[in-house]
Number of protein chains: 2
Amino acid sequence: MTSDKKPDRSRRSERSRRAILDATRALISEVGYAKVSIEAIAARAGVGKQTIYRWWPSKGAVIFDSFLALSEDGSEGEPALPDTGDLEADLKTVMRATAAEFADPEFERPIRALNTEILGDPELAAQYGEKLAGPVEELKKARLRSGQDAGQLAADADLDLVLDMLYSPLTLRWLYRSGPLTPEYADALVDATLRAFRP
Amino acid sequence: MTSDKKPDRSRRSERSRRAILDATRALISEVGYAKVSIEAIAARAGVGKQTIYRWWPSKGAVIFDSFLALSEDGSEGEPALPDTGDLEADLKTVMRATAAEFADPEFERPIRALNTEILGDPELAAQYGEKLAGPVEELKKARLRSGQDAGQLAADADLDLVLDMLYSPLTLRWLYRSGPLTPEYADALVDATLRAFRP
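Anyway, here's the lowdown on the structure attached to this text. (Residues numbered from 1 in each chain as written. Chains lettered and ligands numbered in written order. Predicted model: local features only at pLDDT ≥ 70, side-chain atom pairs only at ≥ 80, totals over all residues. Heavy atoms only, no water.)

## Side note on the side chain of Asp164 of chain A
Formally: In DSSP terms, a helix is any run of H or I states spanning at least four residues, a strand is any run of E spanning at least two, and both are numbered starting from the N terminus. Exposure categories follow from relative accessible area, calculated using a 1.4 Å probe and restricted to protein chains: below 20% of the type maximum is buried, above 50% is exposed, and the middle band is partly exposed. Between two residues, a contact is recorded if the distance between any of their heavy atoms is within 4.5 Å.
The residue Asp164 of chain A is located in helix α8 (residues 159-176) in this model. What makes Asp164 of chain A buried here is its relative accessible area of 19%. Not counting the four nearest positions on each side in its chain, Asp164 of chain A is found in contact with Pro169 of chain A together with Pro169, Arg173 and Tyr185 of chain B.

In structure tokens, the structure reads:
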């Protein structure tokens, strides 16, 4: 992965940074946000506490970057939404995948921890919106626009509202554990939303 | 309010209980859930700590009951949703009122505190669903059913899904502070949902 030409120190720094971010997510999954400490992250990552404090000012900042790193990995190469030319099928693929992620304890626990922080911290919420949610939403809107061009979605549809109606019920059901996160529910949301914004 | 025939002790108990629940909500608004203590509630309510511990096993239990008391007050007399015979107009009235409540710092702060707790506590979430959200949802569904009878909503509409599509985007926008809680947004959600489930 890392080029052989990179100087040793920079390679070691990058390895430490990765180890710290991986350790952070692992610990959040295992013990929950509140119980994660800089000490525990350092021990798990095999670095000194000072290494962490050199790069991040606070626990919240490390946690945030650990999630940002996830989305850096995920968005390399392919866009967030597939485009087979069939908007309904593509949205169902994506919404079913989202429902499955929310239903997976390993995956959902760290995201739940981050979301809980966001609720009580308007600044973190703004950062989250700008750096994480925003770019993903742009990719989703690009897919919706291609659906508009194909005559599968009303040309005057408010795309932010379309995304809200698709994703908010699934996200809230996950957050509140108020119902099962099934493929059927994912499909029902896509069907209803496309009915609301049909050309 | 309290009948004159009630013995003094029971009247005093009820007054203390009310004072404790009012103090709890006031403190949550002022200092946030995490900083509310049984000591502070007792001091604010003018009762001893032991009085609180006699009735509630934990801080979480007092807080939960303080919200339950709110909904007891609210549901006396009138149903949650108005019924003028015009489903669209009635839903807009209710959704605009909900948006205004979410936008009011005094109103939203304690509810946000409760919601933050719920995210990390499946048992509290279940209790919340059963005792608080459930009964309100039944009232909302009764209004939707009357809209079905009037031919203003598809007879085969999944009413849980209708409620999700109406309320989840507004609730999530409030929780994440991801957009303005305006009457226009409330109206747009009603319009889109009714389009999705038109007869």
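## Description of the nonpolar core
Note the threshold: In these notes, a set of buried Ala, Val, Leu, Ile, Met, Phe, Trp, Tyr and Cys residues joined through side-chain atoms within 4.5 Å is what counts as a nonpolar core.
The biggest cluster of nonpolar side chains holds 121 residues, and the ones touching the most others in it are Ile52, Leu175 and Phe197 of chain A together with Ile52, Leu175 and Phe197 of chain B. If we ignore the near neighbours within four places in the chain, the residues touching Phe197 of chain A are Leu153, Ala154, Ala157, Leu161, Val162 and Met165 of chain A together with Ala192 and Arg195 of chain B.

## Quick notes on helix α2 (residues 38-45) of chain A
Residues and elements named next belong to chain A. What counts, and what does not: The arc in question is formed by the directions pointing from the helix axis toward the C-beta atoms.
If you check which residues of α2 are buried, you get Ile38, Ile41, Ala42 and Ala45. Viewed end-on, α2 has its buried residues packed into an arc of 100°, placing them on one side of the element. Backbone geometry just downstream of α2 places Gly46 in the positive-phi region, at approximately 70°.

## Focus: the packing of aromatic side chains
Residues and elements named next belong to chain B. Cut-off, in case you're wondering: Ring pairs are drawn from Phe, Tyr and Trp, using the six-membered ring of Trp, whenever the two centres fall within 6.5 Å, and their geometry is named by plane angle: stacked under 30 degrees, edge-to-face over 60, tilted for the rest. Comment: the charge-over-ring label is applied if NZ (Lys) or CZ (Arg) is within 6 Å of the ring centre and within 35 degrees of the ring normal.
By the definition in use, this model includes four aromatic pairs over all chains. Plain terms: the ring middles of Trp55 and Trp56 are 5.9 Å apart, the flat faces sit at 90° to each other, and that makes the pair edge-to-face. We classify Trp56 as buried; its relative accessible area is 5%. Arranged with centres 4.3 Å apart and planes meeting at 5°, the rings of Phe102 and Trp174 form a pair that is stacked. Of the two residues, Phe102 is situated in helix α5 (residues 87-103) and Trp174 in helix α8 (residues 159-176); the sequence distance between them amounts to 72 residues. Overall, Phe102 belongs to the buried group, its relative accessible area being 13%. A residue is classified by how much of its surface remains accessible, and Trp174, at 3% relative accessible area, is buried. Sitting above the plane of the Trp55 ring, Arg54 keeps its charged end 5.9 Å from the centroid.

## Observations concerning the pattern of salt bridges
Here is the rule: One side-chain nitrogen of Lys or Arg within 4 Å of one carboxyl oxygen of Asp or Glu is enough to make a salt bridge.
Scanning the model with the defined rule gives 26 salt bridges over all chains in all. When the shortest N-O distance is used, the salt bridge between Lys92 of chain A and Asp191 of chain A registers 2.9 Å. Here Lys92 of chain A, found in helix α5 (residues 87-103), pairs with Asp191 of chain A, found in helix α9 (residues 183-196); they are 99 residues apart in sequence, far enough to count as distant. Judged by relative accessible area, which is 16%, Lys92 of chain A ranks as buried. Classification of Asp191 of chain A as partly exposed rests on a relative accessible area of 28%. The partner of Asp164 of chain A in a salt bridge is Arg173 of chain B, with the nearest N and O atoms 4.0 Å apart. You can see Asp164 of chain A sitting in helix α8 and its partner Arg173 of chain B sitting in helix α8, one on each of two chains. On the basis of relative accessibility, which here comes to 14%, the residue Arg173 of chain B falls in the buried class. Several salt bridges converge on common partners, so that one network encompasses Glu14, Arg17 and Arg18 of chain A.

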